[in-house]
Amino acid sequence: MSLAVTLIMDRDAINRNIENTVSKVAYVLKQYCSDKGCPCNIKQFVYWAGKQQGSGWQDNIQNQLVESSLKLVCFEQIGDCEKSYGLEGSYICNNCGIKWNHFSIEWRMLAFHKRLMKVGADDPGKLYEELISNDVFATVGFEPAGRKTLSLEQWVAFMLGRNLKT
Ligand SMILES: [Zn+2]
């Protein structure tokens, strides 16, 4: 979603949109935790929580996914695993033992790129090429073009391995 579009949406619509994202993200995480105890080995989770965001835009669902994941009972904050730009903290999963780094980089005033990446793992962006959500906040002129995007409903289906309905 471009800045221009954001500005003409009324506040209630924005709040409804955010609430909907929060509840859908919580639903996906709850499914993972009831199935496996944690989300750490779900390929879709590894991708969406850890993929790189755009230089002039952010994926709002990714940011929410990272924020909500860090509140899961299985994740516990530990001492930082490395010194890296934007590293906000390191976490260990008490269910499976995997360690995660939480990155948050302010790409423009009060707008952040959030990522949760396994310590020492390859960039997960290659797991699903170019896939992003259609809930994007972008600087005008920097909207991601030519990317495959998923609506919130399609995102839930993708994350849970269900058939995508377009
Ligand atoms: Zn885990």
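Quick summary incoming for the structure in this document.

Describing the environment of Cys96
Take Cys96: it is sitting in the loop between strand E3 (87-93) and strand E4 (99-108). Remark: the alpha-carbon pair of Cys96 and Gly54, spanning 42 residues in sequence, is separated by 31 Å. If we ignore the near neighbours within four places in the chain, the residues touching Cys96 are Cys38, Cys40 and Asn41.

Brief notes about the side chain of Gln44
Examined against the element boundaries, Gln44 turns out to sit in helix H3 (residues 43-50). Ignoring anything within four residues of it in the chain, the contact list for Gln44 reads Tyr32, Tyr128, Phe158, Met159 and Gly161.

Topic: helix H5 (residues 152-159)
With 7 of its 8 residues buried, H5 lies for the most part within the structure. All buried positions along H5 are accounted for by Leu152, Gln154, Trp155, Val156, Ala157, Phe158 and Met159. Elements in contact with the buried residues of H5: helix H2 (11-36), H3, helix H4 (60-69) and strand E8 (149-150). Of the residues trailing H5, Gly161 is marked for its positive phi of about 70 degrees.

Here we look at unusual backbone geometry
Notably, Leu110 is not glycine yet its phi reads approximately 65 degrees, a positive angle. Tracing the chain through its elements places Leu110 in the loop between E4 and strand E5 (111-118). Using a relative accessible area of 71% as the deciding quantity, one classes Leu110 as exposed. The phi dihedral of Glu130 is positive, around 70 degrees, even though this residue is not glycine. Topologically, Glu130 is positioned in the loop between E5 and strand E6 (132-133).

Focus on the coordination of the zinc ion
Around the zinc ion, the donor atoms from the protein are Cys38 (SG), Cys40 (SG), Cys93 (SG) and Cys96 (SG), and they sit 2.2 to 2.3 Å away. Classification of the site at the zinc ion rests on its 4 donor atoms, whose angles at the metal span 104 to 112 degrees, yielding the label tetrahedral. The sequence motif formed by the donor residues of the zinc ion is C-x1-C-x52-C-x2-C. A relative accessible area of 4% places Cys38 in the buried class.

Cut-offs and rules
Residues numbered from 1 in each chain as written. Predicted model: local features only at pLDDT ≥ 70, side-chain atom pairs only at ≥ 80, totals over all residues. Heavy atoms only, no water. Helix = DSSP H or I, 4+ residues; strand = E, 2+ residues; numbered from the N terminus. Contact = heavy atoms within 4.5 Å. Buried < 20%, exposed > 50% of the residue type's maximum accessible area, 1.4 Å probe, protein only. Donors = N, O, S within 2.8 Å, 3.2 Å for Na, K, Ca; no water. Tetrahedral: all angles 85-135°; square planar, octahedral: opposite > 155°, others 65-115°.

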